[in-house]
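# Fold and geometry: a report
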Amino acid sequence: MKLLVLNGDGIGPEIVPAGKQCLEAVNELHDLGITFEEEHIGLKGIEVHGHACSEKVIKRIQELDGAIFGPHDNVSYPSAHQDYPNPSGMVRRALGLFANMRPSKTRPNVPSHVPKMDIVIARENMEGFYADRNMHKGGAEFMANPDLAQSIRNISRSATMNIARAGCEFAMQRKKKISIIHKANVMKITDGLWREVCLDVAKDYPELEVEEVILDAFAAHIVRRPQEFDVVICSNMYGDIFSDLASELAGGLGLGGSINASNDVCIAQCAHGSAPDIAGRNIANPTAMIISCTMMLTWLAAKHDNPKFKKAALSLEGALAAQLLDGRTRDLGGEMDCDVFAAAVADKVHNHHP
Ligand code: ATP
């Protein structure tokens, strides 16, 4: 089993090695047989490969068993590299990573804006309003005249089916409830198709409790009754926005782990960005990256039907929870540096052998 390590930009060279260090600890404890290979995306990718996300790198992700994918800061790239889609968009599209699963949960000893929450936003990853990835040729944003900007949103039956199924499968492993987010009362055709397909897919899971929540009402309900949601299925941009809100409600963007996955490939990638404002100071919170790595372990366990990987994910989750009780990074009101926090989690892994 080999994983590709891609540091990326901004805080990437701090949080990605932190995630790797924690994976190394569970690798040793559970004898997972993981080896690591390094490649480059972002500014370093431009320097080494002439591209922020080269074909070579994308091919390598596909060939290996998974990747730890750092954040990118594309606004910092030289102008010649600003025109193509950003590295995340390129990888998601090239590898068909249709599901972006973004958990947010309140944790003991972590200050939060809501008393209790444990949800996963299942975000559709291939289309929606994202102009850089929803057309075969050309972009999906254009100007008919200098005073009129327009964009196109894609909602397809197939992409909606894929994320609805991924969300239902996730919910079956959790509290068995899905919430389908839409604005079909106004966007009757696009969100109407989304709603129809999600409800159709949910019929294959009779054990699930299924609710529909109108987009703007959800913005209120996630603040008022966050404890009542489990898996929340959202189209691309709605999911992007609500997952940041959910992370912040639960404690902060530094906790926002996620995976981007198809049925064949999975990458661990934080929900937050490259945080250029704090980069290079060893003060970033690596928790989101560590959570992303536990999610990738769980995904690998299911793909390879290998319970050792599930146990490794549980060890890492346990170690992280224990460390958050003992000490935290500055964004969560603690005093620990990024590398010290990661080393402490890796150390605690040995006390969490399920
Ligand atoms: P990008 O353009 O790459 O998305 P950004 O700064 O616009 O970068 P984020 O990187 O998501 O967006 O950061 C938003 C805010 O959250 C910033 O103030 C950043 O410092 C903070 N932040 C994000 N991730 C972390 C983290 N892991 N630890 C601590 N603070 C973080």
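Fair warning: this is a prediction, and the values are worked out from it, not measured in the lab. (Residues numbered from 1 in each chain as written. Predicted model: local features only at pLDDT ≥ 70, side-chain atom pairs only at ≥ 80, totals over all residues. Heavy atoms only, no water.)

Bringing the layout of surface pockets into the picture now. Considering only enclosed or pocket space, the largest pocket measures out at about 1200 Å³ in volume. Together, 41 residues line the largest pocket, and Phe 170, Gln 173, Ile 259, Met 295 and Thr 298 are the ones closest to its centre. Contributing elements (two or more residues each) for the lining of the largest pocket: strand E4 (99-105), strand E5 (118-124), helix H5 (157-172), helix H8 (236-250), strand E11 (259-261), helix H9 (287-303) and helix H10 (307-326). In terms of residues, the lining of the largest pocket owes the most to one element, H9, which gives eight residues. Residue composition of the lining of the largest pocket, grouped by class: 22 nonpolar, 10 polar and nine charged. Both domains that furnish three or more residues to the lining of the largest pocket are identified here as domain 1 (1-97 + 259-354) and domain 2 (113-250). (1 Å grid on protein atoms, 1.4 Å probe; cavity = no way out; pocket = protein on both sides within 12 Å on 5 of 7 lines; lining within 4 Å. Points joined across faces, edges and corners; volume = space filled by probe spheres on them. Helix = DSSP H or I, 4+ residues; strand = E, 2+ residues; numbered from the N terminus. Nonpolar A, V, L, I, M, F, W, Y, C, P; charged D, E, K, R; others polar. Domains from an automatic or database assignment.)

In the vicinity of the ligand, 14 residues are found, and the nearest of them are Gly 273, Ser 274, Ala 275, Asp 277 and Asn 285. Within the backbone of Ser 274, a nitrogen or oxygen atom sits 2.8 Å from an oxygen atom of the ligand. In the complex, the protein chains occlude 64% of the 610 Å² of accessible area that the ligand would expose alone. Split by residue class, the shell around the ligand holds six nonpolar, six polar and two charged. (Near = heavy atom within 4 Å. Polar contact = N/O pair within 3.5 Å; in protein donor to acceptor, adjacent residues only side chain to side chain. Areas by Shrake-Rupley, 256 points an atom, 1.4 Å probe, with all protein chains shown as cover.)

Let us look at the domain arrangement of the chain. Per the domain assignment, the segments making up the chain are domain 1 (1-97 + 259-354) and domain 2 (113-250). When each unit is reduced to the centre of its C-alpha atoms, the spacing between domain 1 and domain 2 is 24 Å. Counting residues at the interface gives 10 residues for domain 1 and 10 residues for domain 2. Across the domain 1 to domain 2 interface the summed buried area is about 820 Å²; carbon plus sulfur atoms make up 46%. Together, Arg 92, Arg 93 and Ala 271 form the three largest contributors to the area buried by domain 1 at its contact with domain 2, with a combined 55%. At the surface where domain 1 touches domain 2, the tally comes to zero salt bridges. If you look at where domain 1 meets domain 2, you find four residue pairs in polar contact (both at pLDDT 80 or more). (Contact = heavy atoms within 4.5 Å. Buried area = accessible area lost by both parts, 1.4 Å probe. Salt bridge = Lys/Arg side-chain N within 4 Å of Asp/Glu carboxyl O.)

Looking at the element boundaries, Ile 152 is found in the loop between strand E7 (148-151) and H5. As a C-alpha pair, Ile 152 and Val 345 span 193 residues in sequence and 44 Å in three-dimensional space. With residues up to four places along the chain from it excluded, the contact list for Ile 152 reads Gly 128, Phe 129, Asn 134, Met 135, Ala 140 and Phe 142.

What follows is about the packing of H10 against helix H11 (residues 338-348). Packed helix pairs are specified by the crossing angle of their axes together with the interaxial distance, meaning the distance between the axes. Contact geometry for H10 and H11: axes closest at 8 Å, N-to-C directions at 125 degrees. Between H10 and H11, the angle falls in the class oblique. In this structure, H10 meets H11 at a crossing whose hand is right-handed. Between H10 and H11, the contacting residues are Leu 316, Ala 319, Leu 320, Ala 322, Gln 323, Leu 324 and Asp 326 on the first element and Phe 341, Ala 344, Val 345 and Lys 348 on the second. Partitioned by chemical class, the residues of the contact of H10 with H11 number eight nonpolar, one polar and two charged. (Axes fitted to C-alpha atoms, helices over the stretch in contact; angles between N-to-C directions. Parallel < 35°, antiparallel > 145°, perpendicular 65-115°, else oblique. Left-handed = near helix turned anticlockwise from the far one by under 90°.)

The next point concerns the side chain of Lys 183. Looking at where Lys 183 falls in the secondary structure, it is placed in the loop between strand E8 (177-182) and helix H6 (190-202). Apart from the residues lying within four places of it in its own chain, the contact partners of Lys 183 are Asp 191, Ile 214, Leu 215, Asp 216 and Tyr 238.

Ordered in space as E2-E1-E3-E12-E11-E4-E5-E10-E8-E9, the 10 strands form an open sheet in which the pairing is mixed. With partners counted over all chains shown, the strands left at the sheet margins are strand E2 (35-39) and strand E9 (209-214), one partner each. The average angle at which neighbouring strand axes cross in this sheet is 25 degrees, direction not considered. One ladder, built from seven bridges, connects E4 with E5; its direction is antiparallel. Bridging across to E5, Lys 105 finds its partner in Asp 118. Of the strands in this sheet, strand E1 (2-6), strand E3 (66-69), E4, E11 and strand E12 (266-268) are in contact with H9, which crosses E12 at around 160 degrees. (Pairing = 2+ DSSP bridges.)

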